[in-house]
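What the coordinates show
One letter stands for each residue in the lines below.
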Amino acid sequence: MFANVILAGCQKSGSTSLADYLSQHPDCLLSSPKENGFFSKAANLADVSRYARHFTSAPGQTPKALVDATTAYMPDPRIPGLLHGALGPDLKFIFILRAPATRAYSGYMHLYKRGQERRDPEAVFGGLKPDTTWAESEEMRRLARAIMAGSVSPEVYRGQYDDELWPFQYIANTAYRRQIERFETVFGPNRVLVLTFEQAVAAPAELAETMGRFLEVDPTLFPNGLPHRNATKIPTKPGLRTRLARIVKGRPNAVDVKPQPTKASPEIAASLQTLFAPETDYWSERLGQDLRAVGW
């Protein structure tokens, strides 16, 4: 069995919660692991049949929707073509988006809590011009300097992705329109569903109806709303952080790092909102939602 539905992102926008939500429907089967990232390594394409090992249904289960929930697919420009070539033209894609400024900062905090990102927020987001092309280039310049200084650790992703730097590109990873248009160009817009995290949380009945129509499954069998998964938290007490680091030695989700605010400072938040204003305006019009009213 291969996936026929790709939950491709966006990272830190509720994709883990949405994957859990889908997995609770009897006609949906989530890949194992959730983020298998099979197509993020070109070497895997030498034997695409191995992809099937990520989908094992229970005895008697005949799922209609086999879901690969890998958020690394969204920013990778190779992925639409690779998926089309390997899995065919009939794939469906789901993208769940979050307020861009919040998502960018949350992406930073996600790596910071793991100890793979050790720069402070000002070093990452301070002094950005309201020009996305410039900001993305500046992001890469800062990242290059941080690698030289040992302030980030991208090598931990080398075995998982061909591009080990992608998780550290917080601004570029928030280019929703550019990334989703790549999938629509290859597969067609009718095979792409775009949701917002804010609307999914606020209107669970509408979410169920939307997912039911898109996946052609019974909407009444979805759970009542998104579960809360994969929140980013860092213990504030140094002693507790150290004990956790010892307990989970070798695991990525808790290390001894100095706590940073889980929300961006007002100055950084305002700067990021200005930077991502074109994204907000585009998706507000396309989705028919006043996204500024919900914090975009």
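What counts, and where the lines are drawn
Residues numbered from 1 in each chain as written. Predicted model: local features only at pLDDT ≥ 70, side-chain atom pairs only at ≥ 80, totals over all residues. Heavy atoms only, no water. Core = buried A, V, L, I, M, F, W, Y, C linked by side-chain atoms within 4.5 Å. Buried < 20%, exposed > 50% of the residue type's maximum accessible area, 1.4 Å probe, protein only. Helix = DSSP H or I, 4+ residues; strand = E, 2+ residues; numbered from the N terminus. Contact = heavy atoms within 4.5 Å. 1 Å grid on protein atoms, 1.4 Å probe; cavity = no way out; pocket = protein on both sides within 12 Å on 5 of 7 lines; lining within 4 Å. Points joined across faces, edges and corners; volume = space filled by probe spheres on them. Nonpolar A, V, L, I, M, F, W, Y, C, P; charged D, E, K, R; others polar. Pairing = 2+ DSSP bridges. Salt bridge = Lys/Arg side-chain N within 4 Å of Asp/Glu carboxyl O. Axes fitted to C-alpha atoms, helices over the stretch in contact; angles between N-to-C directions. Parallel < 35°, antiparallel > 145°, perpendicular 65-115°, else oblique.

1. A word on the nonpolar core
Counting residues in hydrophobic clusters, the biggest one holds 30 residues, and the most contacted among them are Ile6, Leu83, Phe93, Phe95, Leu97 and Trp283. For this core, the element with the highest residue contribution is helix α6 (residues 176-187), accounting for 4 residues. Not counting residues within four places of it along the chain, the set of residues in contact with Ile6 comprises Tyr51, Asp68, Tyr73, Leu83, Leu91, Lys92, Phe93 and Ile94. Tyr105, Val124, Leu128 and Ile268 belong to the second-largest nonpolar core, a separate cluster that totals 25 residues.

2. A word on empty space enclosed by the protein
Here the structure, examined in full by the defined rule, presents 1 cavity of 30 Å³ or more. Taken as a whole, the largest cavity encloses approximately 30 Å³ of empty space. Here the lining of the largest cavity is built from residues that sort into 4 nonpolar, 3 polar and no charged.

3. Regarding the pairing of strand β3 (residues 65-68)
Alternating residues of β3 divide into Ala65 and Val67 and Leu66 and Asp68, and every residue in both groups is buried. Of the pairings in the sheet, the one linking strand β1 (residues 5-9) to β3 comprises 2 bridges and is parallel in character. Within the sheet, the bridge partner assigned to Ile6 lies in β3 and is Asp68. With 3 bridges connecting them, strand β2 (residues 28-30) and β3 associate as parallel partners.

4. Describing the pattern of salt bridges
In the structure shown here, the tally under the stated rule is 14 salt bridges. Close ionic contact of Arg78 with Asp162 constitutes a salt bridge, the shortest N to O distance being 2.8 Å. With a gap of 84 residues between them, Arg78 in the loop between β3 and α2 (79-87) and Asp162 in the loop between α5 (132-149) and α6 connect regions that are remote in the sequence. A relative accessible area of 37% places Asp162 in the partly exposed class. Here Arg141 makes a salt bridge to Glu138, at a shortest N to O gap of 2.9 Å. Of the two residues, Arg141 and Glu138 both sit in helix α5, 3 residues apart, roughly one turn of that helix. Using a relative accessible area of 37% as the deciding quantity, one classes Arg141 as partly exposed. For Glu138, a relative accessible area of 11% gives the class buried. Here the residues in one salt-bridge network are Lys41, Asp76, Arg78 and Asp162, joined through shared partners.

5. Points about the packing of α6 against helix α11 (residues 277-287)
Axis separation between α6 and α11 bottoms out at 9 Å; the angle between their running directions is 50°. Taken together, the axes of α6 and α11 lie oblique to each other. The segment α6 lies against α11, with Tyr176, Arg177, Ile180, Glu181 and Glu184 engaging Glu279, Tyr282, Trp283 and Arg286. Residue composition of the contact of α6 with α11, by class: 4 nonpolar, no polar and 5 charged.

6. Digging into the pairing of strand β4 (residues 92-97)
The element β4 is largely enclosed, with a buried count of 6 among its 6 residues. Residues Lys92, Ile94 and Ile96 of β4 are buried on one face, and the alternating residues Phe93, Phe95 and Leu97, pointing to the opposite face, are buried as well. The sheet contact formed by β1 and β4 spans 4 bridges and is parallel. Each bridged residue has a counterpart across the sheet, and for Val5 the counterpart in β4 is Lys92. Two elements, β4 and strand β5 (residues 192-196), share 5 bridges in a ladder whose sense is parallel. From the neighbouring strand, Ile96 faces β5, where its bridge partner is Leu195.

7. Overview of unusual backbone geometry
Following Gly9, the chain continues to Cys10 via a peptide bond in cis, the omega torsion being 10°. Residues Ser32 and Pro33 are joined by a peptide bond in cis, for which omega reads -5°. As for its placement among the helices and strands, Pro33 is situated in the loop between β2 and β3. In this structure, Lys12 takes a positive phi of about 60° despite not being glycine. Considering the arrangement of structural elements, one finds Lys12 in the loop between β1 and α1 (15-23). Although it is not a glycine, Glu216 adopts a positive phi angle of roughly 60°. Tracing the backbone shows Glu216 in the loop between α8 (204-215) and α9 (238-247).

Keep in mind these numbers describe shape, not what the thing actually does.
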